[in-house]
Amino acid sequence: MPLNDLLVPLDVDVPDIQPDFSAPFFQGFQVIASYILAGAMIIVFIMLVIAGAALAFRGLSPERVRSWAGENIAWIFIAAAILGAANGLFAWFVNFDFGF
């Protein structure tokens, strides 16, 4: 085997590659992800309001709802923080697009 076959050239010319994100289904993915993130955030916000109201006003809700709220309000806050961060990152990188 000749020595020239074993040598690798040191200066390889790699062309500049730019990704093309203009595929039509990407906008559909963005709309679906926007709907899912916004719907989940609304649901968690409603849960947070219900749990807060159940703990703040004792006569407003039955004992079972108050015990549920007391046990799960920390998890609801954590879920709201995680969803808020995910919504913020999605809005920053992709932008919300509700298809209007």
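Scoring rules and cut-offs
Residues numbered from 1 in each chain as written. Predicted model: local features only at pLDDT ≥ 70, side-chain atom pairs only at ≥ 80, totals over all residues. Heavy atoms only, no water. Helix = DSSP H or I, 4+ residues; strand = E, 2+ residues; numbered from the N terminus. Expected span 1.5 Å × (residues − 1). Buried < 20%, exposed > 50% of the residue type's maximum accessible area, 1.4 Å probe, protein only. Core = buried A, V, L, I, M, F, W, Y, C linked by side-chain atoms within 4.5 Å. Contact = heavy atoms within 4.5 Å. Phe/Tyr/Trp six-rings, centres within 6.5 Å; stacked < 30°, edge-to-face > 60°.

Q: Would you take a moment to explain helix H1 (residues 24-56) for this structure?
A: Between its terminal C-alpha atoms H1 stretches 49 Å, which fits the 48 Å expected from 33 residues at 1.5 Å a residue. Those residues of H1 lying buried are Val31, Ser34, Leu37, Val44, Leu48, Ala51 and Ala54.

Q: Sorry, what's going on with the nonpolar core here?
A: Among the nonpolar cores identified, the biggest contains eleven residues, and these are Leu37, Val44, Leu48, Ala51, Ala54, Ala69, Ile73, Ile76, Ala80, Leu83 and Phe90. Every element with two or more residues in this core is listed here: H1 and helix H2 (63-93). Considering each element in turn, this core owes the most residues, six residues, to H2. Dropping the residues within four chain positions of it, Ile76 is found in contact with Val44, Met47, Leu48, Ala51 and Trp68.

Q: Looking at this structure, I do not really get the packing of aromatic side chains. What am I missing?
A: To describe a pair of aromatic rings, you give the distance between the ring centres and the angle between the ring planes. This model, assessed by the stated rule, comprises one aromatic pair. Between the aromatic rings of Phe25 and Phe29, the centroid separation amounts to 5.6 Å while the plane-to-plane angle is 75°, which identifies the pairing as edge-to-face. Residue Phe25 and its partner Phe29 are located together in helix H1, separated by four residues, close to a single helical turn. Residue classification places Phe25 among the partly exposed residues on the basis of a relative accessible area of 48%.

Honestly, it's all geometry; don't read function into it.
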